[in-house]
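# Chains, contacts and geometry: an overview
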Amino acid sequence: MSDFPALPTGFTIGTATASYQVEGAVDEDGRGRSVWDTFCAEPGRIKNGETGETACDHYHRYAGDIALMKDAGFDAYRFSIAWPRVLPTGSGEVNAAGLDFYDRLVDELVAAGIAPAATLFHWDLPQALQDAGGWQSRETALRLADYAAIVGERLGDRVQMWMPLNEPMVVTMLGYATGLHAPGLQLGFEALPVAHHLLLGHGLAVQALRSAGCDSVGIASNHAPTWPASSSDADREAADLYDGLVNRLFADPVLTGAYPEGFAEAMPGPVDDDLRIISTPLDWYGINCYAPSLVGAPGGSPDGPAAVGGAPVPAGLPFEPRQIADHPTTDFGWPIVPSAMTEILVTFHERYGDALPPVYITESGCSFHDVVAADGGVHDERRVAYHREHLAAVATAIDTGVDVRGYFVWSLLDNFEWAEGYTERFGLVHVDFDSQVRTPKDSYRWFQQLIKARHP
Ligand code: GAL
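Parameters at a glance
Residues numbered from 1 in each chain as written. Predicted model: local features only at pLDDT ≥ 70, side-chain atom pairs only at ≥ 80, totals over all residues. Heavy atoms only, no water. Near = heavy atom within 4 Å. Polar contact = N/O pair within 3.5 Å; in protein donor to acceptor, adjacent residues only side chain to side chain. Areas by Shrake-Rupley, 256 points an atom, 1.4 Å probe, with all protein chains shown as cover. Pairing = 2+ DSSP bridges. Helix = DSSP H or I, 4+ residues; strand = E, 2+ residues; numbered from the N terminus. Axes fitted to C-alpha atoms, helices over the stretch in contact; angles between N-to-C directions. Contact = heavy atoms within 4.5 Å. Buried < 20%, exposed > 50% of the residue type's maximum accessible area, 1.4 Å probe, protein only. Salt bridge = Lys/Arg side-chain N within 4 Å of Asp/Glu carboxyl O. UniProt positions renumbered as here; feature names shortened; annotations may be inferred.

### Thoughts on the site of the ligand
In the neighbourhood of the ligand, the contacting residues comprise Gln21, His122, Trp123, Asn166, Glu167, Tyr290, Trp334, Glu363, Trp410, Glu417, Trp418 and Phe426. Glutamate 417 has a polar side-chain atom sitting 2.6 Å from an oxygen atom of the ligand. At a separation of 3.0 Å, an oxygen atom of the ligand approaches a polar side-chain atom of tryptophan 418. Protein contacts shield 93% of the accessible area of the ligand, which totals 300 Å² for the unbound molecule.

### Details of the sheet that holds strand β9 (residues 320–322)
Each strand in a sheet pairs with another by means of backbone hydrogen bonds, the pair being arranged parallel or else antiparallel. Taken together, three strands build an open sheet; the order of strands is β6-β8-β9 and the sheet is mixed. Both outer strands of the open sheet, β6 (226–228) and β9, are each paired with one neighbouring strand and no more. Strand after strand, the sheet turns through a mean of 45° between neighbouring axes, direction not considered. Bridge count between strand β8 (residues 293–296) and β9: three bridges; the pairing is antiparallel. Within β9, the residue paired with glycine 296 across the bridge is glutamate 320. Helix-sheet contacts for helix α10 (residues 233–256) involve β6, β8 and β9, and the interaxial angle to β6 is about 170°.

### Regarding the pairing of strand β2 (residues 76–80)
Here β2 lies mainly inside the structure; five of its five residues are buried. Along β2, one buried face is formed by Ala76, Arg78 and Ser80 and the opposite face, lined by Tyr77 and Phe79, is buried too. Judged from the three bridges that link them, strand β1 (residues 12–16) and β2 form a sheet pairing that is parallel. For threonine 15, the partnering residue across the bridge sits in β2 and is tyrosine 77. Bridge count for β2 against strand β3 (residues 115–121) is five bridges, and the pairing is parallel. The partner of arginine 78 across the bridge, within β3, is alanine 117.

### Digging into the pattern of salt bridges
In this structure the tally under the stated criterion is 28 salt bridges. Through salt bridges that share partners, Asp100, Asp103, Asp107, Arg154, Asp157 and Arg158 make up one connected network.

### Side note on unusual backbone geometry
Along the chain, alanine 182 connects to proline 183 via a cis peptide bond; the corresponding omega equals 5°. Secondary-structure assignment places proline 183 in the loop between α8 (168–177) and α9 (192–211). With omega at 0°, the peptide bond leading from glycine 269 into proline 270 counts as cis. Positive phi, normally seen in glycine, also occurs at aspartate 326, with a value near 65°. Relative to the helices and strands, aspartate 326 resides in the loop between β9 and α12 (338–352).

### Overview of the UniProt feature "binding site: substrate" (unreviewed entry) in the protein
Sequence positions flagged by UniProt for "binding site: substrate" (unreviewed entry) are, in local numbering, Gln21, His122, Asn166, Tyr290, Trp410, Glu417 and Trp418. You can see glutamine 21 is positioned in helix α1 (residues 19–22). Sequence-distant contacts of glutamine 21, defined by excluding residues within four places in its chain, comprise Ala55, Cys56, His122, Trp410, Asn415, Phe416, Glu417 and Trp418. Mapping tryptophan 410 onto the fold places it in strand β11 (residues 404–410). By relative accessible area, which is 3% here, tryptophan 410 ends up buried.

Encoded structure:
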């Protein structure tokens, strides 16, 4: 069908979720407490006071959810392992029941012909590790490696892609600098050591996974093109600084073994030996890409700074995110700019050259406030358009020489969208959070047809 973007043979099409956003069952089978349990219990943190206590009840309903993926024909499923299920206090004694859950999940995926892709840390840090300093402490990086070894040994024979980290930028900026995510600290630029410890944890975990026999290891890091608000020097400088903070700070050390200029000094040093670990070569690099950022010098816009990812931007920063005009937006207010997908891929290809391994889009997606219509369907044509156009943008990048191997839709299910609670719906499958009824949306059907056309 001409409606479908032309993607290479062997290109992986998958879906993605994360443990705290879908599993629920927070007190079951010996799971320990995570920073997100703590954060959600604090008044005013999450819209409508919602929590991940039940979420999509995926912990109990995973077999049905895998059947849905199988029916659509997805090649792969990117899920995350809840660290506090496996190690309730983050280290020490393994909770066998917790590890068994992921063993069953992985077996079910393999039986369905879906490649399991596992993230080790998608933000639900064991609370006990937070109490010992969280990512402000270097020790947490060592604990991530220990946990990686345990999980790698158990699941390494079946999991086909590994990601120690999801979006270290968001953990650093939203968790520790601005406080909009768990653990809710507002350290501003003092949060920079968190980035270093996350990156060190990544490098150590890559090595631990490899020692456990896992041979396809990457990362899921979020990146977006940063556009200067104008061609003035002040706006360009501000945009450069922003690009350094949200893109290069997290990609340069991993891909080139060096921090971008000016950042190494802010890290708990000396960092040279750590950088050698952080830059352990990856089998592939995962980019989560949603929307570009428009950035100018502070005070340059009469409307003040725009919210980023739904979150207000604190005052006093040396840059100012701006509202992107002339593009449609999702119901979350994020601009829809498919060309940004091509741009970030081409930028990475040009910036890192041979140091960039094959790339996967480990997340892309959009939130619309979908409802089940009178005819029983969910008619999310804007989500169909989003994915059609973003996949076409990936195809354009491939045509210009970027080696992109796959695309994971965020998300399989509507789920717990962090500080936004259940308001924002990213799923291909609608979830009624009272009844837990799943209703595949039109976008799910679109992927089903796309995949069928690819594997007739
Ligand atoms: C990413 C994150 C996901 C999901 C998505 C949509 O930043 O990895 O967990 O919430 O954004 O906002």
